[in-house]
Amino acid sequence: MFKNNQISLFIVCCFLVGIPVKFVFSASARADQTAYAGVVETCPFKSAADQSVTDLVDSVKSSLNQLAKDCPQLSERVRQAEQKLISVNVNQKERNSDNSGYYSNMQSPNPSLDGLTLNCRNYKTLLTREQEIAISRIGVTSLPSRYYSCANRDDPAQCINKIFMQSMSESSANCKATLNDKLDEEMTKKIFAAADSFSDLVRESNSCPVTQRTPQLLLNTSSGFLDVLAGVSMNFGLAGALSGFLAKTVGSLLDSQALSDSPKLAIYQLENESNFENIACIWYQLQNRNLRCQEYQVEAVNAQTNRRAVTCPEYLNNTFAGGNNLLSLKSLMQNLNSIEKNSEENSAESLDEIVDLMKKKIPHPIEGPGKAITVENHMAEISEVLAASNLQKDRSQAEKLNRVMHLTKKLVATHQDQTLVSSKKSAELDKIRKEFQTDIKKFNFNEAVDRYWVLKGQTAPSVLLSIESSLAGNKAILNMSQGIDTNIPKIQLTSNFMVKNFNIMFEKRLELVRRRYDAALKDGDTQAVKSHALQLMNLCSMASGMFLSSVDGDDIQVYNALRRINLDKGKYNKACSAISCLDKPKKVLFSSDKKGKELADDFRKHQCQTLLDYDIIVEDLNRRLTATGAICK
Amino acid sequence: MRSVVLFVAAFFLYTYIYAVETFELRFDKSYKIEPKNFSKKFQSSKISKSGVTATWIKIESLDSLKLKDLCVGSGKIIRLMSNPELLGCFKNSQITFQTQAYKEISYYNIHTFDFKNKIAQDQIISFFKEMKYVQE
């Protein structure tokens, strides 16, 4: 497992090759908790940090029930703790419902946070994530725009932390101006009662027989429980009052019999959990940079762009029900064009259809069926995206589209206006129609839509690959650094060192995760199955280079381990057999009958495409888990 | 041989950096700090000095700590440091205080040290004697 000397050796390796890892363990604020070298800002191995309170509560409930199963005399305490935790979460949910956004037009400056609007509910998470990203980018690549000014400072980390604190403080002040941050007495009591019930549970667990899994269960429960309490109390400005309770609870955990009797399974393992996450993330970054997945992404996008001529008409022709007619964006354009040609009488029908069509809700063409949008709003969105483009031509198209939409509305309104006398209405309509004729001729709808797709594609390549996921969902790709990597030799060397020094640790972790997954299946613990299945999938697919590449001691500095792919890896194949059925959109486990350079090329293609497909793979995994209770049945 | 020297150097560098500085509080080598991190939402460590051991937790907060409210009842407000001034609430073998890295930014760290054994006020003051609080 992971030890200090391995960390040190890794630091030495990185010093040797010039990778700036100093912030990983430096004294700068927060750095020891979250920062790691490299450029991939988030990684699948750190997903636990993003758990919602509800997920956490579910996970705690699951661990609590297992504790009660092992030690029946704890059942009553478990029930009490569970109830109290739920009551805290219910209030939290109610409170979160009032999450009126602020900075409503503000887009996060960081690519991985693009499309996410800061509001009173999410600013802590998003600003914290962005600060982590900024720290991890120091000396490697450009900083998120909020932190640009820190790049050339003597101590960029300190500068970043200062700006972070300032942003948090300002956001908090903004929210306090609109939200009632006062905590009612009842909620205070509930939080303290939950803390109390958990302390009791820990104390009483000392009288239970210690089974092999008790320490881990206790730690899982504690970690989740404390996270819920800390999260909720901090949101309520209760951190000061609760800190004493938390310190007492942590103290009692440190003294608990289960943990003190099994140090290897307990604190040691907990420390390794978070350390492993960090190491896995560093590997994830290195692997993806080594394989030049950024370039692969561009290649993939370009290939798709060339096929857009085919996909765009399909998108335009896509029909959705509208009364007796089948409506589409293409029919919208035909109707718009017919207005200029037809007389008032003939265009009346077209206008009615336009009104009908504008109000129709369609699945969002980019964000997928989960988000419905009216045609009218979609048009506005196209215009907005074009208006934000760097190209004058796009901005000009945006103006024209706006003008066409404005005149259409005006035309429809005039047409429907019953107060106008016939002659006046006719004159008004003629006037608008003339303006319309001039404007619509200058406007090329197909081109505008095509540019909209291209522009959206630059920030979310998944769009062009027809991945129906939320804009920010495709983290694996969005998290990659911008620009071409100029440090490839260093990246290769560091990858070699990592494969050499951490391969055994990764294999052991993989075996452990597989054992946990199998045990959870056996216990019928749905939550645990889900969690371990995701970990297994992440290790087997996202970190596969660690297992499939080869190093040779003496010439470690002259070749690239990730160009030496060896598919004959018994432990990896055995542990990952559990995910062998994952095949959406293609087989997740790598296989190839090629050799040498061709095999390495195949692996690169497979690995980089797997990153692009990450959301679909997770979706497939969850679908299988829901349907059958296991990844592969 | 070279790699052994580098390894040892890196190990000491790591140990040194990790042990002496944490956020705006700086601890010298007389303190032994073992991070535990029971929670992702707050930092927890075991800290000891000259045979005195405490569980230390640090919570980041956007709200300032109301020391008087916290110290109501059996608590006592004591001065741990003069420049910058650092006051803490001493209650039930715990001391809780607040630090602020930048005077002008309302972003605080709330620290609670829970001492394993019953501890007197002068022992508390002595415990924090070698701790530095750097505020800008």
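So, how was this worked out
- Residues numbered from 1 in each chain as written.
- Chains lettered and ligands numbered in written order.
- Predicted model: local features only at pLDDT ≥ 70, side-chain atom pairs only at ≥ 80, totals over all residues.
- Heavy atoms only, no water.
- Helix = DSSP H or I, 4+ residues; strand = E, 2+ residues; numbered from the N terminus.
- Buried < 20%, exposed > 50% of the residue type's maximum accessible area, 1.4 Å probe, protein only.
- Contact = heavy atoms within 4.5 Å.
- Areas by Shrake-Rupley, 256 points an atom, 1.4 Å probe, with all protein chains shown as cover.
- Disulfide = S-S within 2.5 Å.
- pLDDT = per-residue confidence, 0-100.
- Phe/Tyr/Trp six-rings, centres within 6.5 Å; stacked < 30°, edge-to-face > 60°.
- Lys NZ or Arg CZ within 6 Å of the ring centre and 35° of its normal.
- Pairing = 2+ DSSP bridges.
- Expected span 1.5 Å × (residues − 1).
- Salt bridge = Lys/Arg side-chain N within 4 Å of Asp/Glu carboxyl O.

Looking only at helices and strands, chain A features 28 helices and four strands. Each of the 633 residues in chain A was classed as buried or not, and the buried ones make up 55%. In chain A, the share of contacts with a sequence separation of at least 24, taken over all contacts with a separation of at least 6, comes to 71%. When the accessible surface of chain A is totalled, it reaches about 27,800 Å², and 49% of it is carbon and sulfur.

Before going further, it helps to spend a moment on the state of the cysteines. The final tally for this structure, using the stated rule, is four disulfides over all chains. In this model C540 of chain A forms its disulfide with C576 of chain A; the gap between the sulfur atoms is 2.0 Å. Because the torsion about its S-S bond is -90 degrees, the bridge between C540 of chain A and C576 of chain A counts as left-handed. Residue C540 of chain A is found in helix α24 (residues 526-542), and its partner C576 of chain A is found in helix α26 (residues 570-576); the two are separated by 36 residues along the sequence. C576 of chain A carries the same exposure label as C540 of chain A, and that label is buried. Note that C71 of chain B is cross-linked by a disulfide to C89 of chain B, the S-S spacing being 2.2 Å. Classification of the bridge connecting C71 of chain B and C89 of chain B rests on its S-S torsion, roughly 100 degrees, and on that basis the disulfide is right-handed. Highlighted residues: C71 of chain B in the loop between α2 (67-70) and β6 (76-81) and C89 of chain B in strand β7 (residues 86-91), separated in sequence by 18 residues. According to the relative accessible area criterion, C89 of chain B is buried, its value standing at 3%.

Before going further, it helps to examine the environment of L246 of chain A. Along the chain, L246 of chain A turns up in helix α10 (residues 239-255). Considering only alpha carbons, one finds L246 of chain A and A195 of chain A, 51 residues apart in sequence, at a separation of 7.5 Å. What L246 of chain A contacts, discounting residues up to four positions off in sequence, is L226, L229 and A230 of chain A together with F42, I57 and I59 of chain B.

In regions of low pLDDT, the predicted coordinates are not meant to be interpreted in detail. Residues and elements named next belong to chain A. In this model, chain A carries a mean pLDDT of 69, and residues with pLDDT of at least 70 account for 61%. Segment residues 304-314 is flagged for pLDDT under 50; beyond a separation of four residues in sequence, or across chains, it makes eleven contacts in the model. The model gives residues 458-486 a pLDDT under 50, and that stretch makes 79 contacts with residues more than four places away or in other chains.

Aromatic ring pairs are described here by two measures, namely the spacing of the ring centres and the angle between the planes. Here the structure, examined in full by the defined rule, presents 14 aromatic pairs over all chains. Centre to centre, the rings of F164 of chain A and Y107 of chain B are 5.6 Å apart; their planes meet at 65 degrees, and the pair counts as edge-to-face. Here Y107 of chain B lies in the loop between β8 (94-100) and β9 (108-115) and F164 of chain A lies in helix α7 (residues 156-178), a pairing that spans two chains. No difference in accessibility class separates F164 of chain A from Y107 of chain B, as the two residues are buried. Aromatic pair F506 of chain A and F547 of chain A: ring centres 6.1 Å apart, planes at 65 degrees, arrangement edge-to-face. Of this pair, F506 of chain A sits in helix α23 (residues 488-523) while F547 of chain A sits in helix α25 (residues 544-548), placing them 41 residues apart in sequence. In this pair, the class of F506 of chain A matches that of F547 of chain A, namely buried. Clustering of aromatic rings is evident, with ring pairs tying together F27, Y31, W56, F97, F113, F115, F127 and F128 of chain B. Above the ring of Y559 of chain A, the side-chain terminus of R564 of chain A is found at 3.7 Å from the ring centroid.

Right, let's get into the pairing of strand β5 (residues 52-61) of chain B. Residues and elements named next belong to chain B. Most of β5 is tucked away: eight of the ten residues are buried. As consecutive antiparallel partners, strand β4 (residues 43-49) and β5 are separated by two residues, and within that stretch S50 has a phi angle of approximately 45 degrees, a positive value. Bridging between β5 and β9 involves eight bridges; their strand directions are antiparallel. Within the sheet, the bridge partner assigned to T55 lies in β9 and is D114.

Now for α24 of chain A. A rise of 1.5 Å per residue sets the reference length of α24 of chain A, with its 17 residues, at 24 Å; its end C-alpha atoms lie 23 Å apart and thus fit the reference within 8%. All of the buried residues along α24 of chain A are A528, V529, H532, A533, L536, M537, N538, L539, C540, S541 and M542 of chain A.

Further remarks concern the pattern of salt bridges. Residue and element names in this part refer to chain A. Evaluation of the coordinates by the stated rule reveals 19 salt bridges over all chains. Its salt-bridge partner being K409, residue E376 comes within 3.1 Å of it at the nearest N-O pair. With E376 in helix α17 (residues 375-387) and K409 in helix α18 (residues 392-416), this pair connects stretches of sequence that are 33 residues apart. Here E376 falls in the partly exposed class, since its relative accessible area comes to 31%. A salt bridge links R624 to D583, with the nearest nitrogen and oxygen atoms 3.0 Å apart. Taken together, the residues span a long stretch of sequence, with R624 in helix α28 (residues 614-628) and D583 in the loop between α26 and α27 (596-612) at a distance of 41 residues. R624 gets classed as buried once you look at its relative accessible area, which sits at 18%. Residue D583 is classed as partly exposed on the basis of its relative accessible area, which comes to 29%. The network of salt bridges with common partners includes D583, K584, D620, R623 and R624.

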